[in-house]
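# Observations on the three-dimensional arrangement
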Amino acid sequence: MADSLPTEFDVVIIGTGLPESILAAACSRSGQRVLHLDSRSYYGGNWASFSFSGLLSWLKEHQQNGDNAEESTASWQGLVHETEEAIALRKKDETIEHIEVFCYASQDMDDNIEEISALQKNPSAVTSKPLDSVCLSEETNSLHVTSSETHAKDTPKSDEEISLEVTDVEDILAEEKCCGDKTCINTASGGDKDENKPIEEDNTDQPKRNRITYSQIVKEGRRFNIDLVSKLLYSQGLLIDLLIKSNVSRYAEFKNVTRILAFREGKVEQVPCSRADVFNSKELTMVEKRILMKFLTFCLDYEQHPDQYQAFVHCSFSDYLKTKKLTPNLQHFVLHSIAMTESSCTTIDGLKATKNFLRCLGRFGNTPFLFPLYGQGEIPQCFCRMCAVFGGIYCLRHKVQCLIVDKESGRCKAIIDHLDQRINAKYFIVEDSYLSEETCSNVQYKQISRAVLITDQSILKKADSDQQISILIVPPMESGTCAVRVTELCSSTMTCMKDTYLVHLTCSSSKTAREDLESVVKKLFTPYTETEIDKEELTKPRLLWALYFNMRDSSGISRSSYNGLPSNVYVCSGPDCGLGNEHAVKQAETLFQEIFPNEDFCPPPPNPEDIIFDGDDKQPEALGTNNIIMAKPDSSEENKNPESPENHLQN
């Protein structure tokens, strides 16, 4: 495909992250000729999801990236004319730093455990479940939200779906001997024998713990879908609205986040969200329940009562809460579990965040959040699929060496790829990580600290913990540090193997990821290999495997910060530190309206009755001039997937 690419396009997009993928879908939907390229071998960039072996290969690739020398530019310099100049692009990804991996689970080195490690040869085949195998919603204005009970029954079917990922790589078997090769790997030793001994415990309610070994994790590695960036979807947020409006929601399934948790005085407890939860809560007194409901009712329309907050506009939200007669318990809940803001945020920002939380309640469940099955990496692929449906062309493992700029007009005319092919276009959209050091020399980047953990139990153990998705905000441990966001995913989200939990930790960086997050990890979890375990430690989940890394946050950077950027070259940022995806959607829509001010952004799909297929002899006379011509599909599988009405939640 890459050897025979057309040389003329309307839009060339470099990078397949979420904002780039949304833009690709919007441009293709509006009739533009779109070429979407990525030098990586998988979709999503830093928004991607990986199987366990895929993640290990990704870590190895980043280690090798740092070792590779810069390639020669001599091969393409001869293609630049005298009236043109070239802007070289970056040849390696430098957005990930300070990678550290720790394996706490028993190694079982004597076992001959093998797993299909497809990413070693073809990473794009395993990064996440193919889009064709997800359930499609037949209703244009609906979102398919799967309940815990319903999806638990579908687990055997998911095995067949996942098996589609390895069609060309069954012959590749990798014997995993450690957590990785060159990446910084630390294996906790000692205590393996003690872990096999039964622990005498008087509490008969203590759930039985299954012994999970590293070999089991490797063997079941394809059941993991590990996100590089931890995000949730607000049920009334911009991304959900866009998914429904454009009908891209039919390419994915979603699951309700079931629990909002709080960490206070060393304990994890559930926060009541809805009115029913508040009055059923055993954590709050009757007086606290009334005070909380009164305050939340005020927050829903706080703009109508300026007299109640205008005097505190310049105060912090935490100081404002103290004036509302809220008990310390309620202040903690509102600040860290409902508004989910820092203590230093302003009163207005805190009220806005609280209102946003409350208005998202009840649309698809008892909490404001949804999570896509198989991980966040599904969402960029959904928009890529929409782009392809409307004629967009995709090439992975396709490097772009430079942008060609006309000296006279100052506009970018073309790109030159790694095959020395010159491809012309009118507009160019580039993900920030592809821009060279010279172009970004004046840019000041922020960093995100990330941790990915595999544990054996939930941080709040209950009878149905294996069906719970939880989010927890851990307040700053000391002054000058940030709150840490913890998202815990169960196996029914199709992101981890049975009897394990996938835990994501995220915060703004002040140091390395391990230095920022390890204190929180130690408060919530116990390393699997610790031998001296008392009753208090037994209440904590055991940590089986941990990954720490820092990711670049390129959000919030103005266009003027980049040097020598042509007027028709637009930059998309990578993931930001926020919980939602609002920044990516806003950025995509802003750039699209700037490029095509007279076009609708991701309009609803056409009515099937208005589509004229190639080769049809008869055409309806009443369709007018706005007909959409599409190639006739090879199969109609998408129309053969009936869904029960109760699984569709109408907008």
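As shown above, the structure is provided for reference.
So, a few notes on the structure that sits alongside this text.

What counts and what doesn't
- Residues numbered from 1 in each chain as written.
- Predicted model: local features only at pLDDT ≥ 70, side-chain atom pairs only at ≥ 80, totals over all residues.
- Heavy atoms only, no water.
- Salt bridge = Lys/Arg side-chain N within 4 Å of Asp/Glu carboxyl O.
- Buried < 20%, exposed > 50% of the residue type's maximum accessible area, 1.4 Å probe, protein only.
- Pairing = 2+ DSSP bridges.
- Helix = DSSP H or I, 4+ residues; strand = E, 2+ residues; numbered from the N terminus.
- Axes fitted to C-alpha atoms, helices over the stretch in contact; angles between N-to-C directions.
- Expected span 1.5 Å × (residues − 1).
- Contact = heavy atoms within 4.5 Å.
- Phe/Tyr/Trp six-rings, centres within 6.5 Å; stacked < 30°, edge-to-face > 60°.
- Polar contact = N/O pair within 3.5 Å; in protein donor to acceptor, adjacent residues only side chain to side chain.

### Observations regarding the pattern of salt bridges
A side chain with one charge may pair with a side chain of the opposite charge, provided their charged atoms come close. Applying the stated criterion across every chain, the model contains 20 salt bridges. Across the pair R223 and E220 runs a salt bridge, and its minimum N-O distance is 2.7 Å. According to the relative accessible area criterion, E220 is partly exposed, its value standing at 28%. One continuous salt-bridge network, built from bridges that share partners, spans D10, R33 and K426.

### Structural notes on the sheet that holds strand 18 (residues 412–417)
Taken in spatial order, the 4 strands of this open sheet run 4-17-18-19, and their pairing is antiparallel. If you trace the sheet from one side to the other, it starts and ends with strand 4 (84–88) and strand 19 (422–424), each paired once. Averaged over all pairs of adjacent strands, the angle between their axes in this sheet comes to 30°, without regard to strand direction. Relative to strand 18, strand 17 (residues 400–406) runs antiparallel, the two being bridged by 5 bridges. Bridge assignment links I404 to a residue of strand 18, and that residue is A414.

### Quick notes on helix 14 (residues 378–389)
One turn of the α-helix equals 3.6 residues, which is why residues spaced by three or four share an orientation. When the terminal C-alpha atoms of helix 14 are compared, their 17 Å separation across 12 residues agrees well with the 16 Å that a helix rising 1.5 Å per residue should span. Burial analysis of helix 14 places 10 of its 12 residues in the buried class, which makes it a mostly covered element. Along helix 14, the positions that sit buried rather than exposed are E378, I379, P380, Q381, C382, F383, C384, R385, M386 and C387. Against helix 1 (18–29), strand 2 (34–38), helix 8 (238–246), strand 12 (254–256), strand 15 (369–372) and strand 16 (393–396) lie the buried residues of helix 14. Two residues or fewer after helix 14 comes G391, characterised by a positive phi angle close to 105°.

### Remarks on the environment of I473
As for its placement among the helices and strands, I473 is situated in strand 22 (residues 470–474). With relative accessibility at 8%, the residue I473 sits in the buried group. Sequence separation of I473 and E342 is 131 residues, and the distance between their C-alpha atoms is 10.0 Å. With near-sequence residues (within four places) excluded, I473 lies in contact with L261, F263, H336, M340, A483, V484 and R485.

### As for the sheet that holds strand 2
In space, the 5 strands of this open sheet follow the order 16-2-1-20-27, with parallel pairing throughout. The two strands at the open ends of the sheet, each matched to only one other strand, are strand 16 and strand 27 (569–572). When strand polarity is set aside, the average angle formed by the axes of neighbouring strands in this sheet is 15°. Pairing geometry for strand 1 (residues 11–14) and strand 20 (residues 427–431), over 4 bridges, is parallel. By the bridge assignment for strand 20, I14 is matched with V430. Relative to the sheet, helix 1 contacts strand 1, strand 2, strand 16, strand 20 and strand 27, its axis offset from that of strand 2 by approximately 160°.

### Let's talk about the packing of aromatic side chains
Overall, the coordinates contain 18 aromatic pairs when judged by the stated rule. Ring geometry for Y42 and F50: centres 4.9 Å apart, planes at 75°, overall edge-to-face. When sorted by exposure, Y42 lands in the same class as F50, which is buried. Here the aromatic rings of F357 and F369 are separated by 6.2 Å at their centres, their planes lie at 75°, and the arrangement is edge-to-face. Here F357 is found in helix 13 (residues 347–359), whereas its partner F369 is found in strand 15, with 12 residues between them in sequence.

### With respect to the side chain of D432
With respect to the helices, strands and loops of the structure, D432 is situated in the loop between strand 20 and strand 21 (446–455). Within the structure, the side chain of D432 is placed 2.9 Å from the side chain of Y445, a separation counted as a polar contact.

### Points about the pairing of strand 24 (residues 501–508)
Most of strand 24 is tucked away: 7 of the 8 residues are buried. Summarising the sheet, strand 21 and strand 24 pair through 8 bridges and their orientation is antiparallel. When the sheet's bridge partners are listed, T455 is paired in strand 24 with Y501. Inspection of the sheet shows strand 23 (residues 484–489) paired to strand 24 by 5 bridges, in the antiparallel sense. Following the sheet pairing, L489 is matched in strand 24 by L502.

The quantities given are spatial measurements derived from coordinates; they are silent on function.
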